[in-house]
Amino acid sequence: MDTELLANLLEEHFSSDALKYDEPMSMHTTFGIGGPADFFVSVSSVEDIRRACNIARTANAPWHVIGAGSDLLIADAGLRGLVIHLGEHFADISIDGTTLHAQAGASNEAVANAALEAGLTGYEFACGIPGSIGGAAIMNAGAYEGEFAHVCTGVNCLDSHGDVIEVSASEADWSYRHSMMSDRGYIVLDATLQLVPWNKEQIRERMDDLQERRASKQPLELGSAGSTFKRPIGYYAGKLIQDAGMRGHTRGGAQVSTKHCGFVVNMGSASAQDVRNVIDDVQKAVLADSGVHLEPEVRMWGFED
Ligand SMILES: Cc1cc2nc3c(=O)[nH]c(=O)nc-3n(C[C@H](O)[C@H](O)[C@H](O)COP(=O)(O)OP(=O)(O)OC[C@H]3O[C@@H](n4cnc5c(N)ncnc54)[C@H](O)[C@@H]3O)c2cc1C
């Protein structure tokens, strides 16, 4: 990586508001954990994203795309190269009849609220998922019988050549926490959702009900990335973890939540390594207890292995 070239090109093309150095990733993850990113740019247009990728390529620098950082564990040493953040400056939402368009940085909550205001049902399931539309599209976010694939008719993406391409729902090949865009390293730019007219009061009631169910079962008062592990076929990760005696298992400031065993939480002062240690311990304990290998759902970046 040519750090000097990377710095020069980024400074030439991005304002000091958009570009940060040594940006603590703890400020951009729901875990509240993560060391500094060498360079961090908040984009506000497709051209910004294309430019940031081109600059990283020119400087031979690694780069990562993030949305709301709600599915990320970033190492204490941070991230080398460039982080491209699609957030509040790339978050337009528009509605035309029953069709909702949202840029990738829009939060699920904002999209669910916009749908509610327009009297459209279909996105309530995502109102409590603290991620972005881009993150939802990449991993087919889902909850309470709903999933992104059920409502999305297509996404626009940036491919590795910097071309904008339309990806239809069938091409997206969504399945449990998987998409074709993730396989190919596409950057999701925006998504189109097809919703259905419904009574606003009932939509609001459904959203309130789902939020209450979340708050009663999940440790929302503590930093986490939601379910730490994917659901193994035929099992529930939380039950396997509880059965393995790992409820409340603690390493440093990280703990298997006592409220929901499927969540590893930051008790306030956890390092990324603490979380990593808890994840490793849980995997070993569950494998020994039930023979099931738990695969992390949270994406771990910046670790040596
Ligand atoms: C309290 C809590 C509850 C949760 N509940 C749920 C739940 O019920 N269901 C569920 O599915 N998830 C849940 N999650 C996990 C998380 O919110 C989702 O996975 C969410 O979709 C991640 O989106 P994000 O914008 O935060 O992505 P990030 O964490 O920023 O990134 C995650 C991955 O997506 C990629 N990515 C993000 N944006 C883009 C983009 N525009 N283009 C290409 N790649 C992109 C990143 O490169 C990374 O690989 C929960 C998390 C928390 C903290």
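Here the structure is a predicted model, which is why all the values come from computation and not from measurement.

**Student:** Quick question: what am I supposed to make of the pattern of salt bridges here?
**Tutor:** One side chain can pair with another of opposite charge once the charged atoms of both are near each other. All told, the structure shown has 12 salt bridges when counted by the stated rule. Between Arg177 and Glu297 there is a salt bridge, with its nearest N and O atoms 3.2 Å apart. Taken together, the positions of Arg177 in the loop between helix H6 (169-172) and helix H7 (180-184) and Glu297 in the loop between helix H10 (272-290) and strand S18 (299-301) put the pair 120 residues apart, joining distant regions of the chain. Among the residues examined, Glu297 registers a relative accessible area of 13% and is labelled buried. A salt bridge links Asp281 to Arg251; its shortest N-O distance comes to 2.7 Å. Linking Asp281 in helix H10 with Arg251 in strand S15 (residues 250-251), this pair joins segments that are 30 residues apart in sequence. For Asp281, a relative accessible area of 15% translates into the label buried. Overall, the relative accessible area of 33% leaves Arg251 in the partly exposed class.

**Student:** Where do I start with the sheet that holds strand S16 (residues 254-256) in this structure?
**Tutor:** The strand order across the open sheet formed by 3 strands is S15-S16-S17, and the pairing between neighbours is antiparallel. Edge strands, defined here as strands with exactly one partner in the open sheet, are S15 and strand S17 (264-266). Pairing analysis gives 2 bridges linking S15 to S16, with the strands arranged antiparallel. Its bridge partner being in S16, Thr250 is matched across the sheet by Gln255. Docked against the sheet, H10 engages S15, S16 and S17, running at close to 30° with respect to S16.

**Student:** Please clarify how the site of the ligand should be interpreted in this entry.
**Tutor:** Close to the ligand lie 35 residues, the nearest being Val65, Gly67, Ser70, Ser132 and Gly142. The fraction of the free accessible surface of the ligand (960 Å²) that becomes covered by protein chains is 93%. At the level of secondary structure, the elements contributing two or more residues to the shell around the ligand comprise strand S3 (63-66), helix H4 (133-139), strand S9 (142-143), strand S13 (187-194) and S18. Broken down by element, the residue count for the shell around the ligand peaks at 5 residues, all from H4. The class makeup of the residues in the shell around the ligand is 19 nonpolar, 12 polar and 4 charged.

**Student:** Honestly, the domain arrangement of the protein chain in this entry has me stumped. Any pointers?
**Tutor:** Interface size, as often reported, equals the accessible area lost upon joining of the parts. We note that the domain assignment places domain 1 (3-88), domain 2 (91-217) and domain 3 (237-301) within the protein chain. Of note, the centres of domain 2 and domain 3, computed from C-alpha atoms alone, are 28 Å apart. In this assembly, 8 residues from domain 2 lie in contact with 4 residues from domain 3. For the domain 2 and domain 3 pair, buried surface summed over both sides reaches about 450 Å², with 37% attributable to carbon and sulfur atoms. Among the residues domain 2 hides against domain 3, the three largest losses belong to Met139, Arg177 and Lys217. Together they make up 64% of the total. Where domain 2 touches domain 3, the interface holds 1 salt bridge. There are 2 residue pairs in polar contact (both at pLDDT 80 or more) connecting domain 2 and domain 3.

**Student:** Just checking my understanding: could you explain the sheet that holds strand S5 (residues 79-85) for this structure?
**Tutor:** One key point about sheets: their strands pair by backbone hydrogen bonds, in either a parallel or an antiparallel sense. Spatial ordering of the open sheet is given by S1-S2-S5-S3, a layout of 4 strands whose pairing is mixed. The open sheet is flanked by strand S1 (19-24) and S3, the only strands paired with a single partner. Across the sheet, the mean angle separating the axes of adjacent strands is 30° when strand polarity is ignored. Of the pairings in the sheet, the one linking strand S2 (residues 36-42) to S5 comprises 5 bridges and is parallel in character. Of the residues in S5, the one forming a bridge with Phe39 is Leu82. Docked against the sheet, helix H1 (residues 3-13) engages S1, S2 and S5, running at close to 25° with respect to S2.

About the thresholds
Residues numbered from 1 in each chain as written. Predicted model: local features only at pLDDT ≥ 70, side-chain atom pairs only at ≥ 80, totals over all residues. Heavy atoms only, no water. Salt bridge = Lys/Arg side-chain N within 4 Å of Asp/Glu carboxyl O. Helix = DSSP H or I, 4+ residues; strand = E, 2+ residues; numbered from the N terminus. Buried < 20%, exposed > 50% of the residue type's maximum accessible area, 1.4 Å probe, protein only. Pairing = 2+ DSSP bridges. Contact = heavy atoms within 4.5 Å. Axes fitted to C-alpha atoms, helices over the stretch in contact; angles between N-to-C directions. Near = heavy atom within 4 Å. Areas by Shrake-Rupley, 256 points an atom, 1.4 Å probe, with all protein chains shown as cover. Nonpolar A, V, L, I, M, F, W, Y, C, P; charged D, E, K, R; others polar. Domains from an automatic or database assignment. Buried area = accessible area lost by both parts, 1.4 Å probe. Polar contact = N/O pair within 3.5 Å; in protein donor to acceptor, adjacent residues only side chain to side chain.

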